[in-house]
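A look at the structure
Letter by letter, the chains look like this.
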There are 2 protein chains.
Amino acid sequence: MVSSSLSPNHILSLSKSATTTDVFLPFRTPDSAFLRRSSLSSPLNLKLNYCSNLARRRLRVSATAQVIDQSPSKTTPIVPTIVEVDLGNRSYPIYIGSGLLDQPDLLQRHVHGKRVLVVTNTTIAPIYLDKVVSALTHGNPNVSVESVILPDGEKYKNMDTLMKVFDKAIESRLDRRCTFVALGGGVIGDMCGYAAASFLRGVNFIQIPTTVMAQVDSSVGGKTGINHHLGKNLIGAFYQPQCVLVDTDTLYTLPDRELGSGLAEVIKYGLIRDAEFFEWQERTMPALMARDPSALAYAIKRSCENKAEVVSLDERESGLRATLNLGHTFGHAIETGYGYGQWLHGEAVAAGTVMAVDMSYGLGWIDESIVKRVHNILQQAKLPTSPPETMTVEMFKSVMAVDKKVADGLLRLILLKGPLGNCVFTGDYDRKALDETLHAFCKS
Amino acid sequence: MVSSSLSPNHILSLSKSATTTDVFLPFRTPDSAFLRRSSLSSPLNLKLNYCSNLARRRLRVSATAQVIDQSPSKTTPIVPTIVEVDLGNRSYPIYIGSGLLDQPDLLQRHVHGKRVLVVTNTTIAPIYLDKVVSALTHGNPNVSVESVILPDGEKYKNMDTLMKVFDKAIESRLDRRCTFVALGGGVIGDMCGYAAASFLRGVNFIQIPTTVMAQVDSSVGGKTGINHHLGKNLIGAFYQPQCVLVDTDTLYTLPDRELGSGLAEVIKYGLIRDAEFFEWQERTMPALMARDPSALAYAIKRSCENKAEVVSLDERESGLRATLNLGHTFGHAIETGYGYGQWLHGEAVAAGTVMAVDMSYGLGWIDESIVKRVHNILQQAKLPTSPPETMTVEMFKSVMAVDKKVADGLLRLILLKGPLGNCVFTGDYDRKALDETLHAFCKS
């Protein structure tokens, strides 16, 4: 049985073979991928140091085949790049490549039971829902797929919308052996993941991210949740998917603003831990903005490798993982204070990154050249470099007070420190520097 | 800072010393405590066999001092009985005894951070909130306690009420280093636990159960969650507390119906895995109903030992743990179909147990003598032995279809099989027997 509010019949014929051969190539570290590992100095002050051999050993990349610059073929399935997130018995692969939604076996090997619920939104459903249902059911007649189509946008990432997922799952009488599939951007992935974590106290879960933001960041690492009107992502769970399937073809339909928003997170990886990746981005930003497939594929892969390594080392954010939130504390304040959905997440993060960089410079922790390079690369990505004019110092302080990185009343921030590609996660900074940055970027 | 809607000042002077000495006695298996361990035969058909030595080895009981029949003393703190729930790095103690809320150290050793949120209800708050706040803050001036007082009853175990907990936590600017304390019965424990699991993706959590039901069952084992209007506990998480503190003095204020409701779960442990405990209950039920302190203390301890052992062996209910749900599938249907809060949980479980026993007898799996003994003991506990008259076969079937124990469309049930104290968790039964039981207990 297949039901959805979009179409009476989602079972389409596939244009290519549903049975594929997966080729796992040995891992070769690309020259441009310079990995780095962090060492904890104290819970409140975390320095990132160069330690590439250790990092290489921990990061399990099963295949590094270049895939995006190959044309899809009806007879030869494309070999996906696979980045493995190493979490013991909760490890899972990230498949990256063009045309992966035309390889049903990739998805089907991760489906548990006979019932699937696809959670998607009104923007993505008309474009990709049929394709995903086909991939789930092709050659697999025992599987039935339900779908729930949510309104699109960060402002709907709340309990009311989440309840629609539970309603659909319960009305459809799904049981513990079902699988939830998130098809969409970060909002869909976060909500579907939290629903999967909570439905019957936990069911199987697959991520199919369709935005750069979700492909490089939010779909990887198991952070799920919803917003509260007083703050972002305050209610949720750490809950890992069975796999993440990144079909880079889905980016063809991505609006320009969404592309830039995702690149804000790509830039983040370079700034906090991967200087060579940042330098590659500086050279390649025009190609990325022009959606050059191989440039985008490399940016996604390298970002996923960085994220997978950090998550493997610190799944529940006791320290290192917090560094992935560079710019996010300021950014969340913008999203919450300015209204969810006014700015895209990556746009708020971009402005927040500029503020974090300004504060790092104010503390004397980085050279002016880094400040300039950050401005420059964000401008190339057509991202904002200051918060909305309506944001006040008080709005920032009020939202930042409920940030998840506050501990025993002390706000810890991710700030750059040292040469490009190094950061700290610390509550040990001069409060004046924070005030100065807030006043520098707010009119009142 | 201490705030609550009950009183401007929760800091009371304690009547006894706040510093206590804990004496851990070596474990001695009481003659009357005959433990049993289960072996999995198949996911769908699970038989419980005698294997007491193995069980003794796994069950870590640190102290078995008789505590209830001692009078509280101002100078000599009572030594709590401790039952350990053995879950690796998520192991925790259940403290059982009289006057434990007058021993601040017991609670305080499990508090993380400086901020505590007590979640309780309108019935319990006037009686015990001050006492708990005192226990949390006595000699501990750096700790501040917030409280949220929810309406009392199963019908409020829903998302709207849960949001009040999040609202309070966020408005109070609690951070990840805070501790949630559940003070109340099963509804409060389940909701507070799920809130703790979800707030900032997980914070520290302590259970202080104040009903027999919560003390012997719901506060132990980490099942948390809320109801959906279509079924019980369909949304939640497995989330273990740091400790469970059972102050048996709280039972002095428990209404008679609540006492009986809790005893339904005590009876369950005997039926599914502990025949000697059941026989002890048959002899002791008049004393339990008369609230004899030592009888109640033993019933609570033995129940917690049974539950701790089952949870240690199968935390996430892949098989064995499901047997703790004897009578619950029918019982949940009564609670959902008849309206949450019309019957207490244990009352519905009692009627459900009679139905499960009837079906087991119909299948030829147990002797008639067991059927009679179950009726008899439930009647002694003043519990119902049949569902409400308004329940129909269709109402049962409709709710049972969304039960969490349905797998790939097949409803699995816990049924008695063999001598007293043995059960199976199985989907391998004659459907006619289920129909016959439903028709025997419903008018239409």
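For the structure, check the block above.
These remarks concern the structure in this document. Because the structure is predicted, anything quoted here is derived from the model rather than measured.

Observations regarding the overall build of chain A
Of the regular secondary structure elements, chain A holds 14 helices and 17 strands. A total of 444 residues make up chain A; the buried ones form 64% of that total. Look at the contacts in chain A between residues 6 or more apart in sequence, and 75% of them connect residues 24 or more apart. For chain A, the exposed area adds up to about 15,400 Å²; of that, 50% sits on carbon and sulfur atoms.

Thoughts on the environment of Gln281(B)
Residues and elements named next belong to chain B. The residue glutamine 281 is located in helix α8 (residues 275-289) in this model. On the accessibility criterion, glutamine 281 (0% relative accessible area) is buried. Ignoring anything within four residues of it in the chain, the contact list for glutamine 281 reads Val266, Ile267, Gly270 and Ile377.

Topic: the side chain of Glu315(A)
All names here are of chain A. Its place among the elements puts glutamate 315 in the loop between α9 (293-313) and α10 (328-338). Polar side-chain contacts of glutamate 315 include one of 3.0 Å to the side chain of glutamine 240. With near-sequence residues (within four places) excluded, glutamate 315 lies in contact with Leu87, Arg90, Phe238, Gln240 and Arg321.

A few points about the interface of chain A and chain B
Listed per partner, the contact involves 39 residues of chain A and 39 residues of chain B. Approximately 3,900 Å² of surface area, both sides summed, lies buried where chain A meets chain B, with 54% of it carried by carbon and sulfur atoms. Seen at the junction of chain A and chain B, the total is two salt bridges. The partner of Glu317(B) in a salt bridge is Arg176(A), with the nearest N and O atoms 3.3 Å apart. When contributions to the side of chain A that touches chain B are tallied by element, the ones reaching two or more residues are α4 (159-171), α5 (186-198), β11 (223-228), β12 (231-238) and β14 (406-407) of chain A.

Brief notes about the pattern of salt bridges
Residue and element names in this part refer to chain B. Counting across every chain of the model gives 50 salt bridges over all chains. The residue glutamate 265 makes a salt bridge to lysine 268 at a minimum N-O spacing of 2.8 Å. With glutamate 265 and lysine 268 both in helix α7 (residues 256-273), this residue pair falls three residues apart, about one helical turn. In this structure, lysine 405 and aspartate 403 form a salt bridge, with 3.3 Å as the shortest nitrogen-oxygen distance.

A word on unusual backbone geometry
The phi angle at Glu317(A) is positive, at roughly 55 degrees, despite the residue not being glycine. Turning to its location among the elements, Glu317(A) is positioned in the loop between α9 and α10. Despite not being glycine, Arg291(B) shows a phi value in the positive range, around 60 degrees. By secondary structure assignment, the location of Arg291(B) is in the loop between α8 and α9 (293-313).

Let's talk about the pairing of strand β13 (residues 243-247) of chain A
Residue and element names in this part refer to chain A. β13 sits mainly inside the fold: five of its five residues count as buried. What you see with β13 is no split at all: Cys243, Leu245 and Asp247 on one side and Val244 and Val246 on the other are buried throughout. Sheet analysis places strand β10 (residues 204-209) next to β13, joined by two bridges and oriented parallel. Note on β13: the bridge partner recorded for glutamine 207 is valine 244.

A closer look at the packing of aromatic side chains
All names here are of chain B. Summed over the entire model, instances satisfying the criterion amount to 14 aromatic pairs over all chains. Ring geometry for phenylalanine 330 against phenylalanine 396: centres 6.4 Å apart, planes inclined by 65 degrees, an arrangement best described as edge-to-face. Residue phenylalanine 330 is located in helix α10 (residues 328-338), and its partner phenylalanine 396 is located in helix α13 (residues 393-400); the two are separated by 66 residues in the primary sequence. Under the relative-accessibility criterion, phenylalanine 396 is labelled buried at 0%.

A few points about the relation of the copies chain A and chain B
Of the two same-sequence chains, chain A is brought onto chain B (RMSD 0.0 Å, axial shift 0.0 Å) by a rotation of 180 degrees. Given the turn and translation reported, the copies of this chain are related as if by a two-fold rotation axis. Using C-alpha coordinates, one finds that chain A approaches the rotation axis most closely at Met159(A), a distance of 4.1 Å. Looking at chain A, 100% of its interface residues are interface residues in chain B too, so the copies touch through the same face.

Focus on the nonpolar core
Among the nonpolar cores identified, the biggest contains 83 residues, and Ile94(B), Phe330(B), Met359(B), Phe396(B), Leu415(B), Tyr429(B) and Leu434(B) are the most heavily contacted of them. Tyr429(B) has contacts with Met359(B), Leu363(B), Trp365(B), Leu411(B), Leu413(B), Leu415(B) and Leu434(B), leaving out every residue within four places of it along the chain. Counting residues in hydrophobic clusters, the runner-up holds 82 residues, among them Val220(A), Val371(A), Leu420(A) and Phe441(A).

A look at the pairing of strand β9 (residues 204-209) of chain B
Residue and element names in this part refer to chain B. Summarising burial for β9: six of the six residues are buried, a large majority. Side chains Asn204, Ile206 and Ile208 of β9 all project onto a buried face; the interleaved residues Phe205, Gln207 and Pro209 project onto the opposite face, where all are buried too. In terms of strand pairing, strand β8 (residues 179-184) meets β9 through six bridges, oriented parallel. Its bridge partner being in β9, phenylalanine 180 is matched across the sheet by phenylalanine 205. Read as a crossover between parallel neighbours, the route from β8 over helix α5 (residues 186-198) to β9 is right-handed.

Digging into the side chain of Lys404(A)
Among the secondary structure elements, Lys404(A) is positioned in the loop between α13 (393-400) and β14. Although Lys404(A) is buried, it makes no salt bridge; Asp403(A) carries the closest opposite charge, 6.3 Å away. Polar side-chain contacts of Lys404(A) include one of 3.2 Å to the backbone oxygen of Asn233(A). Dropping the residues within four chain positions of it, Lys404(A) is found in contact with Lys232(A), Asn233(A), Leu234(A), Arg176(B), Leu200(B) and Arg201(B).

The rules we used
- Along each chain, the written sequence defines residue order, and numbers are assigned to residues from 1.
- Chains carry letters from A onward and ligands carry numbers from 1 onward, assigned in written order.
- A pLDDT threshold of at least 70 governs which residues receive local features in this predicted model, and a stricter bar of 80 or more applies before side-chain atom pairs are shown or counted, although totals over entire chains, interfaces and linings include all residues.
- Only hydrogens and water are set aside when side-chain values are computed; all heavy atoms of the structure are taken into account.
- What counts as a helix is a DSSP run of H or I of at least four residues, what counts as a strand is a run of E of at least two, and both are numbered from the N terminus.
- Three labels apply to residues, based on accessible area from a 1.4 Å probe with only protein chains included: buried if under 20% of the type maximum, exposed if over 50%, partly exposed otherwise in between.
- Contacts are assigned to residue pairs with any non-hydrogen atoms lying within 4.5 Å of each other.
- Residue exposure ignores everything except the shown protein chains as possible cover, and the areas themselves are Shrake-Rupley values with a 1.4 Å probe.
- Polar contacts here mean pairs of N or O atoms no more than 3.5 Å apart (in protein, one a potential hydrogen donor and the other a potential acceptor; neighbouring residues in sequence count only if both atoms are side-chain atoms).
- Buried area: the sum, over both parts, of the accessible surface (1.4 Å probe) that disappears when the two are put together.
- Only one rule defines a salt bridge in this text: a Lys or Arg side-chain nitrogen within 4 Å of an Asp or Glu carboxyl oxygen.
- Note on pairing: DSSP must find at least two bridges between two strands before they are called paired.
- Stacked, tilted and edge-to-face pairs are distinguished by plane angle, under 30 degrees for stacked and over 60 for edge-to-face with tilted covering the rest, among Phe, Tyr and Trp rings (Trp via its six-membered ring) whose centres lie within 6.5 Å.
- Copies overlap after least-squares fitting; the atoms used are the C-alpha atoms of residues with pLDDT of at least 70 in both.
- In these notes, a set of buried Ala, Val, Leu, Ile, Met, Phe, Trp, Tyr and Cys residues joined through side-chain atoms within 4.5 Å is what counts as a nonpolar core.
- When the strands point away from the viewer, a crossover counts as right-handed if the path from the first strand over the helix to the second runs clockwise.
- For the purpose of counting charges, residues Lys and Arg are taken to be positive, whereas Asp and Glu are taken to be negative. His and the chain ends are not included.

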